Amino acid sequence: MSELLQVVGLQAGYGRAEVLTGLNLRLRQGEVVTVIGPNGAGKSTTLNALMGVLPSRGEIRFDGEDLQGLDLEQRVMKGLALVPEKRELFTTMSVEDNLVLGGFRPMRLGQRDWREELPRVYELFPRLRERRSQLAGTLSGGERQMLAVGRALMARPKLLMLDEPSLGLAPLIVKDIFRIVARLRETGVSILLIEQNARAALEVADYAYVLETGEIALEGAAAELARDARVVDTYLGSARRAASA
Ligand SMILES: Nc1ncnc2c1ncn2[C@@H]1O[C@H](COP(=O)(O)OP(=O)(O)OP(=O)(O)O)[C@@H](O)[C@H]1O
Ligand SMILES: [Mg+2]
């Protein structure tokens, strides 16, 4: 598998407050890579720096090119897509119009079949088809999440970055979201997944990083990290206790 993303010595922060102090991360074509870690560790900061929403220093190689120096829109055109923690939909527009807007990348690249992405998204999220005319601002939390992911997929990204897709969702919908991540993986979409739900993230991912206070504290094959005593104690502890209770 070839390297899609290679991050070396990434530094980013807010004003004088350094958050990332030299982060290294890599992701190969077709992989699901997860970054887990405590609140405030810098997970969202990492995604925002990669996307170009936040300035950063260090090397970001994506699909053979250095992204530093490219702004957000240029990175979108290169094939990066971010579903941010705050879903940022066009609330006064319909579900379908939100999705169509997501298609501007393939449209601008002259891919005439870009609209064919729409039925694919509806197939992944039948609920969105049912609600295609509803205003995005009136959707439930879970439906908004589906729409945010669907809109990102409309861009036909090379790398889909998801910031806590399960946040605030009921367990059944969380299951749905992870099922969809697994399905996307099968269709060859590369995914960088940030999650609080470490157990589910390690189940779906190929490779995992543990980010603690701006640095990678641990990394390895997801299945191995799921067995690592430190990871189990810190991130999977309550689930283990629940399971053995
Ligand atoms: N816009 C901002 N201005 C100042 N500080 C910020 C800003 N955004 C984030 N921070 C700080 O940067 C640090 C890392 O935040 P970040 O959002 O990356 O954490 P996170 O790992 O995503 O946490 P969580 O799991 O809670 O989402 C935190 O201490 C946070 O308070
Ligand atoms: Mg975050």
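A short tour of the structure in this document, coming up. (Residues numbered from 1 in each chain as written. Chains lettered and ligands numbered in written order. Predicted model: local features only at pLDDT ≥ 70, side-chain atom pairs only at ≥ 80, totals over all residues. Heavy atoms only, no water.)

A look at the pattern of salt bridges
- If you walk through the whole model with that rule in mind, you get 16 salt bridges.
- The closest approach of N and O atoms between Glu-117 and Arg-120, which form a salt bridge, is 2.9 Å. With Glu-117 and Arg-120 both in helix α5 (residues 117-124), this residue pair falls three residues apart, about one helical turn.
- You can call Glu-117 buried: its relative accessible area is 11%. (Salt bridge = Lys/Arg side-chain N within 4 Å of Asp/Glu carboxyl O. Helix = DSSP H or I, 4+ residues; strand = E, 2+ residues; numbered from the N terminus. Buried < 20%, exposed > 50% of the residue type's maximum accessible area, 1.4 Å probe, protein only.)

Here's the deal with the nonpolar core
- Counting residues in hydrophobic clusters, the biggest one holds 49 residues, and the most contacted among them are Leu-160 and Ile-191.
- Examining the composition of this core, we find that seven residues originate from one element, helix α7 (residues 141-154), more than from any other.
- Not counting residues within four places of it along the chain, the set of residues in contact with Leu-160 comprises Ala-81, Val-83, Ala-152, Leu-153, Leu-184, Val-189, Ser-190, Ile-191 and Leu-192.
- Within the second largest apolar cluster, 30 residues are counted, among which are Leu-5, Leu-25, Leu-192 and Tyr-209. (Core = buried A, V, L, I, M, F, W, Y, C linked by side-chain atoms within 4.5 Å. Contact = heavy atoms within 4.5 Å.)

Thoughts on the sheet that holds strand β3 (residues 32-36)
- Sheet architecture is open: six strands sit in the order β6-β7-β8-β3-β9-β10, paired in mixed fashion. A strand with exactly one partner marks an edge of an open sheet, and here the two such strands are β6 (80-83) and β10 (215-221). In this sheet, adjacent strand axes meet at a mean angle of 15 degrees when their direction is disregarded.
- Two elements, strand β9 (residues 207-212) and β10, share six bridges in a ladder whose sense is antiparallel. Among the inter-strand pairings, Ala-208 is bridged to a residue of β10, identified as Gly-220.
- Taken strand by strand, helix α8 (residues 171-186) contacts β3, β7 (159-163) and β8 (190-194), and its axis lies near 155 degrees from that of β8. (Pairing = 2+ DSSP bridges. Axes fitted to C-alpha atoms, helices over the stretch in contact; angles between N-to-C directions.)

Some points on the coordination of the magnesium ion (ligand 2)
- Around the magnesium ion (ligand 2), the donor atoms from the protein are Ser-44 (OG) and Glu-85 (OE), and they sit 2.0 to 2.3 Å away. One end of the pair, Ser-44, is in helix α1 (residues 43-51); the other, Glu-85, is in the loop between β6 and α3 (95-102), and 41 residues separate them in sequence.
- Taking relative accessible area as the criterion, Ser-44 reaches 19% and is therefore assigned buried.
- A residue is classified by how much of its surface remains accessible, and Glu-85, at 35% relative accessible area, is partly exposed. (Donors = N, O, S within 2.8 Å, 3.2 Å for Na, K, Ca; no water.)

Describing the environment of Leu-10
- Following the sequence through the fold, Leu-10 ends up in strand β1 (residues 3-14).
- Residues Leu-10 and Gly-150, 140 residues apart in the sequence, show an inter-C-alpha distance of 29 Å.
- Once residues within four sequence positions are removed from consideration, Leu-10 is found in contact with Leu-20, Thr-21, Gly-22, Leu-23, Ala-49, Leu-50, Ser-56, Arg-57, Gly-58, Ile-60 and Gln-68.

Considerations on the site of ligand 1
- Around ligand 1 sit 13 residues in total, of which Gly-40, Lys-43, Thr-45, Glu-85 and Gln-196 are the nearest.
- A distance of 2.9 Å is found between an oxygen atom of ligand 1 and a side-chain nitrogen or oxygen belonging to Asn-39.
- Note that an oxygen atom of ligand 1 is positioned 2.7 Å from one of the side-chain N or O atoms of Glu-85.
- Burial of ligand 1 by the surrounding chains reaches 57%, relative to a free accessible area of 630 Å².
- Among the elements that take part in the shell around ligand 1, α1 stands out by supplying three residues, more than any other.
- Split into classes, the residues belonging to the shell around ligand 1 amount to four nonpolar, six polar and three charged. (Near = heavy atom within 4 Å. Polar contact = N/O pair within 3.5 Å; in protein donor to acceptor, adjacent residues only side chain to side chain. Areas by Shrake-Rupley, 256 points an atom, 1.4 Å probe, with all protein chains shown as cover. Nonpolar A, V, L, I, M, F, W, Y, C, P; charged D, E, K, R; others polar.)

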